[in-house]
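Notes for the structure review
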Amino acid sequence: MSEQRYTNPPARFERPSAGSLLILVAFVAFLAWSISAAGISVPELLTGLPNMAKIASEMVPPATDRIVPMMHSVLVTFQMALVGTLIGILVSLPLAVLMSRNHTPHATVRSVIRSLVSFIRTTPDLAWALFFVASVGLGPFAGTLTLVMDTIGFCARFFAESIEEVDDGPPEALAAIGASRLSVIVCATLPMAMPSLVNTGLFALEKAVRSSVVLGLVGAGGIGAELATSMELFRFDQAATIILTIFLLVLGVEKVSSRARMSLLKKRQ
Amino acid sequence: MLEATYKPAGDTALRVRGLSKRFEGAAAPVWSDISFDIPHGQRVAIIGGNGAGKSTLLRCCMRLIEPDAGEVFFGDRSLSGLRGRELAKARARVGFVFQKHNLVSRLSVLTNVLHGGMAWARTPRMWFHGIATDEHRNYALHCLERVKLGHLCERRADELSGGQSQRVAIARALMQKPKMIFADEPVASLDPQAGEDVMQVFSDLACDESLTLLFVTHHLEHALRYADRVLGLQDFRLGLDASSDSLSARQLRGMYE
Ligand SMILES: Nc1ncnc2c1ncn2[C@@H]1O[C@H](COP(=O)(O)OP(=O)(O)OP(=O)(O)O)[C@@H](O)[C@H]1O
Ligand SMILES: [Mg+2]
């Protein structure tokens, strides 16, 4: 028993098993097929280059002739994002509580709400937008509803995770006092989860501003419609103005939200 | 098995019958078949080595952890079978001071103390001190002053020292206007003088307001000085139940062998 044995060191690389080798071969074959299906073509890229250069050159200087209506659309875009995110957050909070492991009233409730939220999240923005345009008509309301769905899909999930991560000591202490379930959630769970809830909420706002731009393309309000029109009319200088404004809007929102994050998180309740 | 025919007497504050607990996946029970009666106003120390199950016993007495078997009575009221609001009402009579103070870190000290008031007023105005009634705010401040922390009422709870946090937790328990106090190593993180002060607060409460006090401690001199009776957990059961007058520190030390 006590005799010392020296074994050989292990192989430097593990030999792949037949199964994993098969999977690898299949994957490489599929990738090759995908490259041709994706329509990648060097000649087309080369002939397209002058066009790209031409469009790019027409973009400077950006046009200022429609600046007022454009600024108005940008404002509407931001307002849609703001309102959509706020409503989305308000709906997400109770959903998150109901689908969190530690506060759900019943496992069935939890799994039903989780699947609902996953469905909302995995349905693409544009599908929601087309659905709402068809049901409530063209305009910002359809866009706002889309952003509400977008926010629910994102926030409910991450809110639930933040709620699950809260230390269970303080909630237990309030339960021991005899506080109601609602009181435990409001007085202990939510305050403890607050930094991460605020963080998620601000990310949702940034995300909503970015996606609200696209919604206009299908007639759901905001700056996207202006962009589509300019492109169709070959007014690339107008398009450039719009793209620049969108860039500034997104940048501005991200700056302000990171400021807000810092100051909100420091503030006492 | 518990005796269904058992008729509790009127002057008992806490009655425990045949309590057993084994955590899921654990080979042995934490302890089993624990029974004791605590009369109103008695001060009881619980001692035992690390992992002997003292914290678990206190939690099971509140049904914060469900015992596997046995029954707990507050007065003549059995806790088994109570649910929701009824269970909350029973729990509200006990001020529970945790080993880890368990304050809500992002809220102010005053709000944390105010939460104790949810034991007797189930109103959303108990949620934050900013929306509470003057009367409730003043009472919370009064409780805070009893642990000598009135001047810190506006501080955020995560900006306190360990000992200060523990005293805030005690103030929160006082805010409950409790009939009993369960304290799990309440002075473990306090300096010796503060520890004596806090034990004195508990002890005075027990005498002045005839509160029943159940506290876990590793300080044997506290068990002897501030308790009328000592319960010891050892070898998965209640290995000691004696009046503190009849005990010496040496006998207590035997519990840890
Ligand atoms: N939630 C839990 N799940 C599983 N096991 C647990 C749980 N809580 C406690 N235990 C186990 O139960 C036993 C008793 O724990 P308990 O916390 O009651 O001991 P204690 O006497 O309070 O110890 P200490 O003096 O260290 O505070 C320990 O072995 C612990 O590992
Ligand atoms: Mg303990």
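The structure presented is a predicted model; accordingly, all values stated were derived computationally and were not measured.

**Quick look at the overall build of chain B**
A tally of regular secondary structure across chain B gives eight helices and 10 strands. Scaling as 2.2 N^0.38, a compact globule of 257 residues should have a C-alpha radius of gyration of about 18 Å, and chain B matches this with 18 Å. With the C-alpha coordinates aligned to their principal axes, the bounding extent of chain B is approximately 50 × 40 × 40 Å. For chain B, buried positions account for 56% of its 257 residues.

**What to know about the sheet that holds strand β6 (residues 94-97) of chain B**
Residues and elements named next belong to chain B. Here we have six strands laid out as an open sheet, ordered β6-β7-β8-β3-β9-β10, and mixed in their pairing. Only two strands of the sheet have a single partner each, and these edge strands are β6 and β10 (237-243). Taken pair by pair, the neighbouring strands of this sheet meet at an average axis angle of 15°, ignoring direction. Taken together, the six bridges between strand β9 (residues 229-234) and β10 define a ladder with antiparallel strand orientation. Each residue of the ladder has a partner; that of Val230, found in β10, is Ala242.

**Focus: the site of ligand 1**
Residue and element names in this part refer to chain B. The local shell around ligand 1 holds 13 residues, among which Gly51, Gly53, Lys54, Ser55 and Thr56 are the closest. Within the backbone of Gly51, an N or O atom sits 2.9 Å from an oxygen atom of ligand 1. At a separation of 3.4 Å, an oxygen atom of ligand 1 approaches a polar side-chain atom of Glu185. Burial of ligand 1 by the surrounding chains reaches 56%, relative to a free accessible area of 640 Å².

**Looking at the coordination of the magnesium ion (ligand 2)**
In this structure, B:Ser55 (OG) and B:Gln99 (OE1) serve as the protein donors to the magnesium ion (ligand 2), at separations of 1.9 to 2.3 Å. Residue B:Ser55 is found in helix α1 (residues 54-62), and its partner B:Gln99 is found in the loop between β6 and α3 (109-114); the two are separated by 44 residues along the sequence.

**Some points on the UniProt feature "domain: ABC transmembrane type-1" (unreviewed entry) in chain A**
Following the UniProt record, the feature "domain: ABC transmembrane type-1" (unreviewed entry) maps to residues 74-257 of chain A here. Across residues 74-257 of chain A, helical content stands at 85% and strand content at 0%; the span's end C-alpha atoms are separated by 18 Å.

**Re the interface of chain A and chain B**
Each side of the interface is counted separately: chain A has 27 residues, and chain B has 29 residues. Interface area, chain A with chain B, both sides summed: about 2200 Å², of which 60% is carbon and sulfur. A salt bridge links B:Arg59 to A:Glu172; its shortest N-O distance comes to 2.7 Å. Our count for the contact surface shared by chain A and chain B stands at five residue pairs in polar contact (both at pLDDT 80 or more). Breaking the side of chain A that touches chain B down by element, the ones donating at least two residues are α7 (169-177), α8 (181-215) and α10 (236-266) of chain A. A total of nine residues in the side of chain A that touches chain B trace back to one element, the largest contributor, which is α8(A).

**Considering helix α2 (residues 42-59) of chain A**
Every α-helical turn comprises 3.6 residues, leaving residues that sit three or four positions apart pointing alike. Residues and elements named next belong to chain A. Between the first and last C-alpha of α2 there are 25 Å, a value that for 18 residues agrees with the 26 Å anticipated at 1.5 Å per step. The largest bend in α2 comes to about 35°, at Gly48, with the proline Pro50 one to four residues further on. Taken across its 18 residues, α2 has one buried, putting it largely on the surface. At the N-terminal boundary of α2, the capping side chain belongs to Ser41, with an oxygen 3.2 Å from the backbone nitrogen of Glu44.

**Concerning the UniProt feature "domain: ABC transporter" (unreviewed entry) in chain B**
With numbering aligned to this structure, UniProt lists the feature "domain: ABC transporter" (unreviewed entry) at residues 14-256 of chain B. Its end C-alpha atoms 26 Å apart, residues 14-256 of chain B is made of 33% helix and 23% strand.

**Considering the pattern of salt bridges**
When their charged atoms lie close together, side chains carrying opposite charge are able to pair. For the coordinates displayed, the defined rule picks out 21 salt bridges over all chains. A salt bridge links B:Asp228 to B:Arg43, with the nearest nitrogen and oxygen atoms 2.8 Å apart. Linking B:Asp228 in the loop between α7 (220-226) and β9 with B:Arg43 in strand β3 (residues 43-47), this pair joins segments that are 185 residues apart in sequence. Its relative accessible area of 29% is what places B:Asp228 among the partly exposed residues. Residue classification places B:Arg43 among the buried positions, given a relative accessible area of 13%. The salt bridge involving B:Glu86 is made with B:Arg77; its shortest N-O contact spans 3.1 Å. Among the charged side chains, a network of salt bridges with common partners joins A:Asp65, A:Arg235 and A:Asp237.

**Here's the deal with the pairing of strand β1 (residues 12-21) of chain B**
Residue and element names in this part refer to chain B. Burial analysis of β1 places 10 of its 10 residues in the buried class, the great majority of the element. Where β1 lies against strand β2 (residues 31-39), six bridges are found, and the strand directions are antiparallel. By the bridge assignment for β2, Leu19 is matched with Ile34. As paired strands, β1 and strand β4 (residues 69-74) are joined by five bridges and run antiparallel to one another. When the bridges of β4 are listed, Arg15 appears paired with Phe73.

Conventions and cut-offs
Residues numbered from 1 in each chain as written. Chains lettered and ligands numbered in written order. Predicted model: local features only at pLDDT ≥ 70, side-chain atom pairs only at ≥ 80, totals over all residues. Heavy atoms only, no water. Helix = DSSP H or I, 4+ residues; strand = E, 2+ residues; numbered from the N terminus. Rg over C-alpha atoms; globule rule 2.2 N^0.38 Å. Buried < 20%, exposed > 50% of the residue type's maximum accessible area, 1.4 Å probe, protein only. Pairing = 2+ DSSP bridges. Axes fitted to C-alpha atoms, helices over the stretch in contact; angles between N-to-C directions. Near = heavy atom within 4 Å. Polar contact = N/O pair within 3.5 Å; in protein donor to acceptor, adjacent residues only side chain to side chain. Areas by Shrake-Rupley, 256 points an atom, 1.4 Å probe, with all protein chains shown as cover. Donors = N, O, S within 2.8 Å, 3.2 Å for Na, K, Ca; no water. UniProt positions renumbered as here; feature names shortened; annotations may be inferred. Contact = heavy atoms within 4.5 Å. Buried area = accessible area lost by both parts, 1.4 Å probe. Salt bridge = Lys/Arg side-chain N within 4 Å of Asp/Glu carboxyl O. Expected span 1.5 Å × (residues − 1). Bend = angle between axes of the 7 residues up to and from the residue.

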